[in-house]
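Chain and residue survey
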Amino acid sequence: MRHFGHIAPEVRQRLFHQEPCAFSADSPARLLATALGATLYSPATRSRLADDIVKQAGKGVVSMVLCLEDSIDDADVADGEDNLVRQFADLADLAGLADRGTPAGTEPPLLFIRVRTPEQILDLVRRLGPFARLLSGFVLPKFTEERGIPFLEALTAAEADSGRRLFAMPVLESPELLYRESRVETLEGIARAVDKYRDRVLALRLGVTDFCSSYGLRRAPDMTAYDVQIVASVIADVVNMLGRADGTGFTVTGPVWEYFRTSERMFKPQLRQSPFLEVQAAELRDKLIEHAMDGLLREISLDHANGLLGKTCIHPSHVLPVHALSVVSHEEYSDAQDILRPERGGGGVLRSAYTNKMNEVKPHRAWAERTLLRAEVFGVAHEDVGFVELLAAGIPG
């Protein structure tokens, strides 16, 4: 699979200076953590889940979570588990995997199951049998050190049973993490747990909806998570302790965007007109605003500025904006390459090739390394291609 792989090759050539690389569920963990992109959630109870997965893969989705937790009723958990077992068998047929060790048809996205209890991990892997090879791992809810270790132990056991590499994606959403008096202690415990199982932890996910719930809050479509100060403070502390670029950190993904259409606005739209007018895409701007995407685009930009990469998504229309804004611009790529040239190993300051900024080699090195990894996964846009062109190319006419 590859990002923007659903777009015609000739269109990709027009958009990209460097096209996104191909990857698979067996690729190195560091690359997969960067490649998660827009992770689309779906209730595990959907009757045509296998068809949905193949359909979304054909539209550019590369990671999905099949949820047995908050998205379904407590009474439906057993039915959801049964449905997952059936749907994985159906998916193997649809993707051309039945009775084969490698894909012969459409390669499904990276698939994760969000469970409620550690026991579900072992049980589901055993029930999936040979079709567990379609599974990339599990999403672990309300993760703290005390609650999380049993999940990680179960994951390790399931991996041994299945002979399949399985990843964990803990969700940081517990009240202990939100409350000021327990936050540091909780973060220290989470850090110990995920460090102990570092090879199994693919990424950390933020459960901002649960944070808001603790205070009876819900952000409006005109607001981003960073406008809710209680939430913003948690994001900052999570990145501070768990997202460092010194080799101890993890990929931390952005919070979910809840809206896919807005009926009334208090504030002006957040998308400037000029980037759309320059490429004759005024109708696209109107469509994005109508569906509350201007707020999403702003939040994605703030995610990146605050050290987050990828995003939890609950609607297919959110996928393309996340991926379009993850593409590395030609200017970023040029700066990163300049900073990482071997002859720059001693440090120093240089003027950017675009002659509009200072590139300081030592302080900007970690940024440059992350940027080139993102460039490998999401590609590098041509010099004259911006996010509007990327959005327009990926939206069906």
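See the structure printed just above.
Residues numbered from 1 in each chain as written. Predicted model: local features only at pLDDT ≥ 70, side-chain atom pairs only at ≥ 80, totals over all residues. Heavy atoms only, no water.

The number of helices and strands found in the protein is 17 helices and 12 strands. When each of the 397 residues of the protein is scored for burial, the buried share is 52%. The contacts in the protein between residues at least 6 apart in sequence include a share of 77% that link residues at least 24 apart. (Helix = DSSP H or I, 4+ residues; strand = E, 2+ residues; numbered from the N terminus. Buried < 20%, exposed > 50% of the residue type's maximum accessible area, 1.4 Å probe, protein only. Contact = heavy atoms within 4.5 Å.)

This part takes up a nonpolar patch on the surface. Among the surface-exposed residues, Tyr215, Leu217 and Ile230 lie close enough to one another that they form a single nonpolar patch of about 250 Å² accessible area. Along the polypeptide, Ile230 turns up in helix H10 (residues 229–242). (Patch = residues over 30% accessible without salt bridge, like charges linked within 9 Å, V, L, I, M, F, W, Y side chains within 5 Å. Areas by Shrake-Rupley, 256 points an atom, 1.4 Å probe, with all protein chains shown as cover. Salt bridge = Lys/Arg side-chain N within 4 Å of Asp/Glu carboxyl O.)

The next point concerns the sheet that holds strand E9 (residues 311–313). Strand order in the closed barrel formed by eight strands is E2-E3-E4-E5-E6-E7-E8-E9, with parallel pairing between adjacent strands. Across the sheet, the mean angle separating the axes of adjacent strands is 30° when strand polarity is ignored. Looking at chain direction, strand E2 (residues 38–43) and E9 are connected through three bridges and run parallel. Opposite Ala38, over in E9, you have Lys311 as the bridge partner. In this fold helix H3 (residues 49–57) packs onto E2, strand E3 (63–67) and strand E4 (110–114), with an angle of close to 160° to the strand it touches most, E3. (Pairing = 2+ DSSP bridges. Axes fitted to C-alpha atoms, helices over the stretch in contact; angles between N-to-C directions.)

Once that is clear, we can look at unusual backbone geometry. The backbone of Phe4 shows a phi angle near 65°, a positive value even though the residue is not glycine. The residue Phe4 is located in the segment before helix H1 (9–15) in this model. Even without a glycine there, the phi angle at Lys142 is positive, about 45°. By the secondary structure assignment, Lys142 is in the loop between strand E5 (137–140) and helix H6 (145–162). In this structure Lys142 comes out as partly exposed when scored by relative accessible area, which is 28%.

Another aspect to go through is H6. An ideal rise of 1.5 Å per residue puts 26 Å on 18 residues; H6 measures up with 25 Å between its terminal C-alpha atoms. Where H6 is buried, its residues touch helix H5 (118–128), E5, strand E6 (167–172) and helix H8 (180–196). Just beyond H6, the residue with positive phi is Gly163, at close to 70°. (Expected span 1.5 Å × (residues − 1).)

Right, let's get into the layout of surface pockets. As a volume, the largest pocket reaches approximately 950 Å³. Contributing to the lining of the largest pocket are 29 residues, with Thr34, Phe250, Thr251, Arg370 and Leu373 lying nearest its centre. Elements represented by at least two residues in the lining of the largest pocket include exactly helix H2 (29–35), helix H13 (293–305) and helix H16 (361–378). It is H16 that provides the largest number of residues to the lining of the largest pocket, a total of seven residues. Of the residues in the lining of the largest pocket, the class split is 13 nonpolar, seven polar and nine charged. (1 Å grid on protein atoms, 1.4 Å probe; cavity = no way out; pocket = protein on both sides within 12 Å on 5 of 7 lines; lining within 4 Å. Points joined across faces, edges and corners; volume = space filled by probe spheres on them. Nonpolar A, V, L, I, M, F, W, Y, C, P; charged D, E, K, R; others polar.)

Before going further, it helps to spend a moment on the pattern of salt bridges. On inspection of all chains with the given rule, the structure shows 29 salt bridges. Among the ionic pairs, Asp70 bridges to Lys142, the shortest N-O distance being 3.5 Å. With Asp70 in the loop between E3 and helix H4 (77–94) and Lys142 in the loop between E5 and H6, the pair connects residues that are 72 residues apart, well separated along the chain. When its relative accessible area of 49% is taken as the criterion, Asp70 is described as partly exposed. Asp338 serves as the salt-bridge partner of Arg341, at 3.0 Å between the closest nitrogen and oxygen. Judged by its relative accessible area of 34%, Arg341 is partly exposed. Connected through salt bridges with shared partners, the residues Glu69, Asp70, Arg114, Lys142, Glu173 and Asp210 form a single ionic network.

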